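Analysis of the macromolecular model
Each chain, written out:
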Amino acid sequence: QVQLVESGGGLVQAGDSLTLSCAASGHTFSSYTMGWFRQAPGKEREFVACISGGGGPTYFADSVKGRFTISRDNAKNTVTLQMNSLKPEDTAVYYCAARWGGGRFVDKDAYDYWGQGTQVTVSS
């Protein structure tokens, strides 16, 4: 069982940066691929980024490529999403997710564990 807790959301202006963190419980964190997803009102939950257990490789949605980075600290059981050059269309609830094993997992159904989400609002 893995428990995930996100933090770092908030209200920012377009062009600003924000850092989201996800803290995970458990002793085998490095065996999990970690992902970030987001869900805007009235829309499906969509893939943002993921990172394999060893810290790489990383994968990003086209909409955030070049603006967002994902990293992890296996010693601290944390994964971080650094979001730069934020746009109003990045407004959503952001979720951290985990699944056993390495790979490029962009489908939300591939993930077994989810955090409660953190709101990110970008004003224009």
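Here's what I pulled together on the structure shown here. Note that the coordinates shown come from a computational prediction; the quantities given were computed from them, not determined experimentally.

Moving on, we come to the overall build of the chain. Across its full length, the chain carries zero helices and eleven strands. Along the chain, helices (α) and strands (β) appear in the sequence β-β-β-β-β-β-β-β-β-β-β when read from the amino end. Relative to its length of 124 residues, the chain is compact, with a C-alpha radius of gyration of 13 Å against a globular reference of 14 Å. For the chain, the share of sequence-separated contacts (at least 6 apart) that also reach a separation of at least 24 residues comes to 59%. Averaging the positions of the 11 positive and the 11 negative side-chain charges in the chain gives two centres separated by 3 Å.

As a rule of thumb, non-glycine residues mostly have phi less than zero, and peptide bonds are mostly trans rather than cis. Backbone geometry at N77 places phi at a positive 55 degrees, although glycine is not the residue there. Tracing the backbone through its elements, the reader meets N77 in the loop between β7 (68-73) and β8 (78-83). If you check the backbone angles, S85 has positive phi at about 50 degrees while not being a glycine. For S85, a relative accessible area of 41% corresponds to the partly exposed category.

The next point concerns the pairing of strand β5 (residues 46-51). Taking burial as the measure, the six residues of β5 include five buried ones, the bulk of the element. Pairing between strand β4 (residues 32-39) and β5: five bridges, direction antiparallel. Among the inter-strand pairings, M34 is bridged to a residue of β5, identified as I51. Linkage of β4 to β5, two consecutive antiparallel strands, is achieved through a turn of six residues, within which G42 is found at a positive phi near 80 degrees. As defined by bridge partners, β5 adjoins strand β6 (residues 58-60) across three bridges and the pair is classed as antiparallel. Across the sheet, residue I51 finds its bridge partner in β6, namely T58. The hairpin turn running from β5 into β6, its antiparallel successor, is six residues long, and G55 in that turn takes a positive phi close to 105 degrees.

In a beta sheet, neighbouring strands pair by backbone hydrogen bonds and run either parallel or antiparallel. Within the open sheet, the four strands sit side by side as β1-β3-β8-β7. Their pairing is antiparallel. Each of the sheet's edge strands pairs with one partner strand only, and the pair in question is β1 (4-7) and β7. Strand-to-strand twist across the sheet, computed as the mean angle between neighbouring axes with direction ignored, equals 15 degrees. The pairing of β7 with β8 spans six bridges and is classified as antiparallel. Across the sheet, residue I70 finds its bridge partner in β8, namely L81.

A general feature of soluble globular proteins is that nonpolar side chains tend to end up buried together. Among the nonpolar cores identified, the biggest contains 37 residues, and L4, M34, W36, F68, L81, M83 and Y94 are the most heavily contacted of them. Breaking this core down by element, the ones donating at least two residues are β3 (18-24), β4, β5, β7, β8, β9 (92-100) and β11 (118-123).

Attention now moves to the side chain of R67. One can find R67 in the loop between β6 and β7. For R67, the side chain forms a polar contact with the main-chain oxygen of S85, separated by 2.9 Å. Apart from the residues within four sequence positions on either side, R67 is in contact with Q82, M83, N84, S85, L86, K87 and D90.

About the thresholds
- Residues numbered from 1 in each chain as written.
- Predicted model: local features only at pLDDT ≥ 70, side-chain atom pairs only at ≥ 80, totals over all residues.
- Heavy atoms only, no water.
- Helix = DSSP H or I, 4+ residues; strand = E, 2+ residues; numbered from the N terminus.
- Rg over C-alpha atoms; globule rule 2.2 N^0.38 Å.
- Contact = heavy atoms within 4.5 Å.
- Lys, Arg positive; Asp, Glu negative; His and termini not counted.
- Charge placed at Lys NZ, Arg CZ, Asp CG, Glu CD.
- Buried < 20%, exposed > 50% of the residue type's maximum accessible area, 1.4 Å probe, protein only.
- Pairing = 2+ DSSP bridges.
- Axes fitted to C-alpha atoms, helices over the stretch in contact; angles between N-to-C directions.
- Core = buried A, V, L, I, M, F, W, Y, C linked by side-chain atoms within 4.5 Å.
- Polar contact = N/O pair within 3.5 Å; in protein donor to acceptor, adjacent residues only side chain to side chain.

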